[in-house]
Amino acid sequence: MTDILFSRYYRTSTHAVFMDSVSLSAMVEVELSCLSYVKMFLHACRYPHCAVNGLLLSSSPAEGAMCVSDCIPLLHSGLSLSAMTEVALNQVDVWCAQNQQRIVGYYQANASVSDNSPTPCAVKIADKIAEQYSSAVLVMVENSKVSAEYGAPPIVVYEKRDARWTLKDKHQIMLRHWEQTRAVAEELRADRAQALLVDFDSHLDDLRRDWTNPELNARIAELRAPAGAGL
């Protein structure tokens, strides 16, 4: 089995280490798809010296476990809850309504490889999403671990409890088909496919560029297909 269930963190003075299990659990509340993880990964790879952010989407029912099926890369410069961010949120919300999706979370990678904590900007945007969807998650990408050498998913997941964003129970988070997902991400990075990724920033520079990333989505689907499972 290649599903990874985030089962435990060990914290040191500088970083968190995932201890993983390959067993599934009835406790799982959040599942990350291959497509959503790979696009987050490539967004961070494309702009390694910048903070990047984006929105997490789901097509699963509002009740029960949430599967993050896709993500929309937003910005790679000037991250803030600005007018441009508001425009992006509104446009993605409209697109979701037309495509049976909804915004269920937010992700961010900070510019500093030593800083993986949610910034005030991350908290503000995640708060805004949580106003519409109470089970929203906040995912921080650990830039220092975005490499082929690091075996566990380089992400930390937060949930909102009592008006604060706190680490989500690791038993409740799963990345399905992790080994295949990691292989897809690394193959695309080796092929410099991160150049295909279009975030909302890039779309505003050239409106012909599509922030839904159909070309990149097709590449991921093509590589994922031999595993015989969904994205």
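Located above this text is the structure these notes cover.
Since this is a predicted model, take the numbers as computed values, not measurements.

Overview of the pattern of salt bridges
The full count for this structure, using the stated rule, is eleven salt bridges. A salt bridge links Asp70 to Lys39; the nearest nitrogen and oxygen atoms lie 2.8 Å apart. With Asp70 in strand 5 (residues 66-73) and Lys39 in helix 1 (residues 34-46), this pair connects stretches of sequence that are 31 residues apart. Here Asp70 matches Lys39 in class, with each residue buried. A salt bridge links Arg182 to Glu179; the nearest nitrogen and oxygen atoms lie 2.9 Å apart. Within this pair, Arg182 and its partner Glu179 are both found in helix 4 (residues 178-190), separated by three residues, close to a single helical turn. Relative accessible area serves as the criterion here: at 39%, Glu179 is assigned to the partly exposed category. The network of salt bridges with common partners includes Glu29, Glu159, Arg161 and Lys168.

What to know about the nonpolar core
Judged by nonpolar contacts, the single largest core of 63 residues is most densely connected at Val38, Leu56 and Tyr106. Among the elements that make up this core, the one with the highest residue count is helix 1 (nine residues). In this structure Leu56 touches Met40, Val68, Asp70, Cys71, Arg102, Ile103, Val104, Gly105, Tyr106, Tyr107, Val137 and Val139, once residues within four positions along its chain are discounted.

Notes on unusual backbone geometry
Look at Gln100: it is not a glycine, yet its phi comes out positive at around 55°. Relative to the elements of secondary structure, Gln100 occurs in the loop between helix 2 (83-98) and strand 6 (102-109). Assessed through its relative accessible area of 61%, Gln100 is described here as exposed.

So, helix 6 (residues 214-224)
Within the sequence span of helix 6, burial applies to Leu216, Asn217, Ile220 and Arg224. For helix 6, the buried positions fall inside an angular range of 100° around the axis, keeping them on one side. Facing away from the buried side of helix 6 by more than 90 degrees, the exposed set consists of Glu215 and Glu222. Next to the buried residues of helix 6 lie helix 1, strand 5 and helix 4.

Reading guide: rules and limits
Residues numbered from 1 in each chain as written. Predicted model: local features only at pLDDT ≥ 70, side-chain atom pairs only at ≥ 80, totals over all residues. Heavy atoms only, no water. Salt bridge = Lys/Arg side-chain N within 4 Å of Asp/Glu carboxyl O. Helix = DSSP H or I, 4+ residues; strand = E, 2+ residues; numbered from the N terminus. Buried < 20%, exposed > 50% of the residue type's maximum accessible area, 1.4 Å probe, protein only. Core = buried A, V, L, I, M, F, W, Y, C linked by side-chain atoms within 4.5 Å. Contact = heavy atoms within 4.5 Å. Arc of directions from axis to C-beta.

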